[in-house]
Amino acid sequence: MSVTFFVRNAIALSGMKCVREESGIVLNGGKRAEILFLPDGARVIDCYRYNREERFQISSYIYEKWYEDGFHERSAQSLESELALHAFSYRLGIAKENSKDADLDIKGDDRWYVFAGYSLIEVLGL
């Protein structure tokens, strides 16, 4: 699997926290995935556009970046499951404005229903 990474070097200030922004990756099929790394997570822009294989590439990339930074709380499978939950919700018209972009928290989502949703997707392998 060859994935091309491209980076837009930018530092932005969010309150007192430094935010690392990256423009994302080019997936195997040539599609570009936009990812923003925030102090406590990552945002995948328009996450509904990606199929399962592409979601695994995106989540693996995020996992590797977090692992390099010393964060080991979530697996790549957990991240992909949350991406899938956002994509399914968007396609079904459930809270489209909130599910269009996936905000992935380093430690997992605090909302019980989101945690339950992506945990179920992870267990079922959807």
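Predicted model only: the values in this text are computed from it and were never measured.

(A) Representation of the overall build of the protein. Within the protein, the secondary structure is distributed over four helices and eight strands. Counting from the amino terminus, helix and strand elements in the protein follow one another as β-β-β-β-β-β-β-α-α-α-β-α. Residues classed as buried in the protein amount to 40% of the 126 residues present. Partitioning the intrachain contacts of the protein with sequence separation of at least 6 by distance along the chain shows that 52% fall at a separation of at least 24. Split by element, the accessible area of the protein, about 7,200 Å² in all, is 55% carbon and sulfur.

(B) Summary view of the packing of helix H1 (residues 52–68) against helix H2 (residues 76–91). One can describe the packing of H1 onto H2 by two numbers: an axis separation of 8 Å at closest approach and a directional angle of 130°. Here H1 lies oblique to H2, going by the angle between them. You can see that H1 and H2 cross each other, and the crossing is right-handed. For the pair H1 and H2, the contacting residues are Arg52, Arg55, Phe56, Ile58, Ser59, Ser60, Ile62, Tyr63 and Trp66 in the first and Ala76, Gln77, Leu79, Glu80, Leu83, Ala84 and Ala87 in the second. Its residues assigned to classes, the contact of H1 with H2 shows ten nonpolar, three polar and three charged.

(C) Geometry of the pairing of strand S6 (residues 35–38). Across the two faces of S6 the burial differs, with Ile35 and Phe37 buried and Leu36 and Leu38 not buried at all. In this sheet, strand S7 (residues 41–44) lies alongside S6 in antiparallel orientation, the contact comprising four bridges. Bridge pairing in S7 links Leu38 to Gly41. Between S6 and S7, which follow one another and run antiparallel, lie two residues.

Parameters at a glance
The written sequence of each chain sets the order in which its residues are numbered from 1. Restriction of local features to residues with pLDDT of at least 70 applies here, the model being predicted, together with a cutoff of 80 or more for giving and counting side-chain atom pairs; totals for whole chains, interfaces and linings are based on all residues. For the side-chain quantities, the full set of heavy atoms in the structure was used; hydrogens and water were omitted. A run of H or I in DSSP becomes a helix once it reaches four residues, and a run of E becomes a strand once it reaches two; helices and strands are each numbered from the N terminus. Burial classification: accessible surface area is computed with a 1.4 Å probe over protein chains only, and a residue below 20% of its type maximum counts as buried, one above 50% as exposed, and the rest as partly exposed. By definition, residues are in contact when any of their heavy atoms lie within 4.5 Å. Working definition of accessibility: Shrake-Rupley area with a 1.4 Å probe, residue cover restricted to the visible protein chains. Every axis in this analysis is a line fitted to C-alpha atoms, fitted for helices over the stretch in contact. Angles between the N-to-C directions lie between 0 and 180 degrees. When an angle is under 35 degrees it counts as roughly parallel; over 145 it counts as roughly antiparallel; between 65 and 115 it counts as roughly perpendicular; any other value is oblique. Crossings are assigned a handedness: left-handed for a near helix turned anticlockwise from the far helix by less than a right angle, right-handed for a clockwise turn. Each residue receives one of three labels: charged for Asp, Glu, Lys and Arg, nonpolar for Ala, Val, Leu, Ile, Met, Phe, Trp, Tyr, Cys and Pro, and polar for the others, Gly being one of them. By definition, two strands form a pair when at least two bridges between them are found by DSSP.

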